[in-house]
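Letter by letter, the chains look like this.
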Amino acid sequence: MRGPAIVFDNVCLRLGGTQVLDQVNLRIEAGALHCLVGPNGGGKTSLVRALLGQMPHSGTIRFEGEFTTPLGYVPQLPDFDRNVPMTVNDLMALLGQRRPAFLGASRAARAANDQALERTGMAGMGKKPFGSLSGGQRQRVLLAQAISPMPWLLILDEPTAGIDEAGVRLVEALVTELNTRGVTILWINHDLEQVKRIAQSVTVINQRVLFHGPAEQIDSRLEVIR
Ligand SMILES: Nc1ncnc2c1ncn2[C@@H]1O[C@H](COP(=O)(O)OP(=O)(O)OP(=O)(O)O)[C@@H](O)[C@H]1O
């Protein structure tokens, strides 16, 4: 089984007076590990949020192929009030299921969450207050919640920002392994060395698509990123 392909057809997005996305046409192949790169403010997060149904846009965005489980999404690390009395387990229960959060996670979800925390190097951290974790640790928890249950499409918005070297390798290995099992990965990434290391295909976007092709060609197209 493979994750879905994603097709963006003439997607435009305007916020206030700013044209954020302009006629974006893009196809991400089923089962690809695809990176979105481009300058700050170039519209990468907005494109992903349009895909998630969180941003009004014109044009169409559609999935092709199998898509039986919810997608996984790791947002940019949000500001978090460290005093909020919420443990890692509470957060995962809140984000991962539709029943009231005060009931906690179901037994099956708890087991899946524990396994996901282990896979992101956060085993045994479930009872810690989320606010007591470092930025890199919080980022790992967000990744854990995105892979519990295992999605067929995983969307990552700079998941290794602020993570130490060992953590970066762990995330790369985990994402690559999921991709090998058929999960479609869409990864917003500023680290071109990492892109070349892990991605099969890449899109450079700055309001419009400037380049779309194999990741190994990114070096010869650096002028479109700057
Ligand atoms: N909710 C919003 N309201 C108004 N403008 C917004 C909103 N979200 C994004 N923008 C604007 O849209 C443009 C694109 O922002 P976006 O976050 O999509 O870029 P990005 O490529 O992800 O940037 P970065 O690399 O810095 O994360 C920016 O000019 C930003 O100010």
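We now turn to the structure provided with this report. On a predicted model such as this, the values are computed, not experimentally measured, just so you know. (Residues numbered from 1 in each chain as written. Predicted model: local features only at pLDDT ≥ 70, side-chain atom pairs only at ≥ 80, totals over all residues. Heavy atoms only, no water.)

Quick word on helix H1 (residues 44-51)
Here comes step 1: Most of H1 sits inside the fold, with six of its eight residues counted as buried.
Here comes step 2: Immediately beyond the C-terminal end of H1, within one or two residues, lies Gly53, with a positive phi of roughly 80 degrees. (Buried < 20%, exposed > 50% of the residue type's maximum accessible area, 1.4 Å probe, protein only. Helix = DSSP H or I, 4+ residues; strand = E, 2+ residues; numbered from the N terminus.)

Observations regarding the environment of Thr180
Here comes step 1: On the secondary structure map, Thr180 appears in helix H5 (residues 165-180).
Here comes step 2: Taking the C-alpha atoms as reference, Thr180 lies 9.5 Å from Arg2; in sequence the two are 178 residues apart.

Here's the deal with unusual backbone geometry
Here comes step 1: A cis geometry characterises the amide bond from Ser148 onward to Pro149, with omega recorded as 0 degrees.
Here comes step 2: For Pro149, the position within the fold is in the loop between helix H4 (135-146) and strand E6 (153-157).
Here comes step 3: The phi torsion at Gln23 lies on the positive side, around 50 degrees, for a residue other than glycine.
Here comes step 4: Within the secondary structure, Gln23 sits in strand E2 (residues 18-28).
Here comes step 5: Backbone geometry at Glu158 places phi at a positive 50 degrees, although glycine is not the residue there.
Here comes step 6: Checked against the element boundaries, Glu158 lands in the loop between E6 and H5.

Regarding the sheet that holds strand E7 (residues 184-188)
Here comes step 1: Read from one edge of the open sheet, six strands run E5-E6-E7-E3-E8-E9, paired in mixed fashion. Looking at which strands have only one partner, the edges of the open sheet turn out to be strand E5 (72-74) and strand E9 (208-214). Each strand of the sheet is rotated relative to its neighbour by a mean of 15 degrees, with strand direction disregarded.
Here comes step 2: Sheet topology note: the strand E3 (residues 33-37)/E7 ladder contains four bridges and is parallel. Bridging from a neighbouring strand, Cys35 pairs with Trp187 of E7. (Pairing = 2+ DSSP bridges. Axes fitted to C-alpha atoms, helices over the stretch in contact; angles between N-to-C directions.)

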